[in-house]
Amino acid sequence: KMSWYHRGSILTLCTTDRDAVITVRYATNTHTWTLPSNDPMQLMTTVFRLDPLALDSPSMQRLVEGAPLSRALAVLDRSPTYETHKVGVLYVPHDKATEIELLEVVGGSPRYLEFLRGLGEMVPLQHLVMFHVATLMVAPDTSSSSPTATSDSPPDSGRHIAKKRHIGNDFVHIEYLDYDDTDNDDGIPSLGGQFSDVRIFVQPLTGGDDLFRTRVQCKHATTLAPFGPLHGVQVVPGHMVAAAVRLTAIHANLACREMHQDRFEFVLNVEDRLRQIKQIGTRFVDATASPMV
């Protein structure tokens, strides 16, 4: 096994008696090929279009193999090449629902579940999660270890805190209002917290036309960059409401990141991967190896 650093990328070559597996890690993606050859020079020439006879070819900096390099590459491989977003999703069963009810509710109406399926694919929480869905989160009971729990706390207070820790730290909340009242927009139940800069309300309308009323509310409307496609109050057909809400939530999250950039210093995943690659190229370069040209 051999690895090289080359122009902002990491090349790893694993050879056997019959073939060779070559992996090239870029900031934007990772490519792997299996080739019927174990000649490193031929592989370098094929992948990087190098002329091995040209003295002015870019150098391939050999890296020192070992456990530290393997760990660094493993961390790089776990860094996604695409942008990820976290959005809280709340199911509001009625207009007088308390915060505890919002955290306790499980399931929901058929139209709500159909809306969830339209937002994205449902995956276990240990994998990449885009939507923190309160009705699907089975948080562990941490009542005994929670610093805010007391002997007088409800039995499920630890679970509530664990759920709120996820949803409450999201900049964007999608709130599905499963009741008929459309006049009281100022008293909609929600979670208290420091964030939730943008609230996207989704409310099914009765009448059999499969229509939804959406409303976008911004806590810092004067400093938040414009986003869409949903804005203000709109009526959206059922077949496109989930897609419209999803796109609006992503754009809203990007706008919130920009607004909080000075405070949290958000870094794009591609930028972080490029930083890791350059650090690997600097830290693990084999000073004793001759450059491959």
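Residues numbered from 1 in each chain as written. Predicted model: local features only at pLDDT ≥ 70, side-chain atom pairs only at ≥ 80, totals over all residues. Heavy atoms only, no water.

Peer 1: Could you give an account of the environment of L11, with specific residues and numbers?
Peer 2: Considering the arrangement of structural elements, one finds L11 in strand β2 (residues 10-15). Taking the C-alpha atoms as reference points, L11 and R62, separated by 51 residues in sequence, lie 9.5 Å from one another. (Helix = DSSP H or I, 4+ residues; strand = E, 2+ residues; numbered from the N terminus.)

Peer 1: Got a sec to walk through the sheet that holds strand β5 (residues 61-62)? Specific residues and values, please.
Peer 2: Taken in spatial order, the 5 strands of this open sheet run β4-β3-β2-β1-β5, and their pairing is antiparallel. Both edges of this open sheet fall to β4 (30-35) and β5, since each of them pairs with a single strand only. In terms of strand pairing, strand β3 (residues 20-25) meets β4 through 6 bridges, oriented antiparallel. The residue bridging V21 from the neighbouring strand is T34, located in β4. Across the sheet, helix α8 (residues 269-283) touches β1 (2-5), β2, β3 and β4, and the angle it forms with β1 is around 110 degrees. (Pairing = 2+ DSSP bridges. Contact = heavy atoms within 4.5 Å. Axes fitted to C-alpha atoms, helices over the stretch in contact; angles between N-to-C directions.)

Peer 1: Outline the state of the cysteines, supporting the account with residue identities and numerical values.
Peer 2: A full pass over the atoms with the stated rule returns 0 disulfides. In this structure C256 is not part of a disulfide, and its nearest cysteine sulfur, from C218, lies 7.6 Å away. (Disulfide = S-S within 2.5 Å.)

Peer 1: I'd like a description of the confidence of the model for the chain, backed by residues and values.
Peer 2: Looking at the chain, pLDDT values average 79 and 73% of them are 70 or higher. For the chain, the element scoring lowest by mean pLDDT is helix α1 (residues 40-48), at 63; strand β11 (residues 233-237) scores highest, at 95. Here residues 53-57 scores under 50 on pLDDT; set against residues more than four positions off or in separate chains, the count is 2 contacts. Segment residues 139-155 is flagged for pLDDT under 50; beyond a separation of four residues in sequence, or across chains, it makes 19 contacts in the model. (pLDDT = per-residue confidence, 0-100.)

Peer 1: Requested: an account of the environment of D17, with residues and values cited.
Peer 2: Mapped onto the elements of the fold, D17 is located in the loop between β2 and β3. Owing to a relative accessible area of 80%, D17 belongs among the exposed residues under this scheme. For the pair formed by D17 and P36, sequence separation is 19 residues and the distance between their alpha carbons is 9.5 Å. (Buried < 20%, exposed > 50% of the residue type's maximum accessible area, 1.4 Å probe, protein only.)

Peer 1: Give a description of the packing of aromatic side chains that names residues and reports values.
Peer 2: This model, assessed by the stated rule, comprises 5 aromatic pairs. Arranged with centres 4.6 Å apart and planes meeting at 50 degrees, the rings of Y91 and Y112 form a pair that is tilted. Note that Y91 is positioned in strand β6 (residues 87-92) and Y112 in helix α4 (residues 110-119), a separation of 21 residues in sequence. Residue Y112 is classed as buried on the basis of its relative accessible area, which comes to 0%. Three or more aromatic residues link up through ring pairs in this structure, and these residues are Y91, Y112, F115, Y176 and F212. The residue whose ring lies beneath R62 is W4, and the NZ or CZ to ring-centre distance is 5.6 Å. (Phe/Tyr/Trp six-rings, centres within 6.5 Å; stacked < 30°, edge-to-face > 60°. Lys NZ or Arg CZ within 6 Å of the ring centre and 35° of its normal.)

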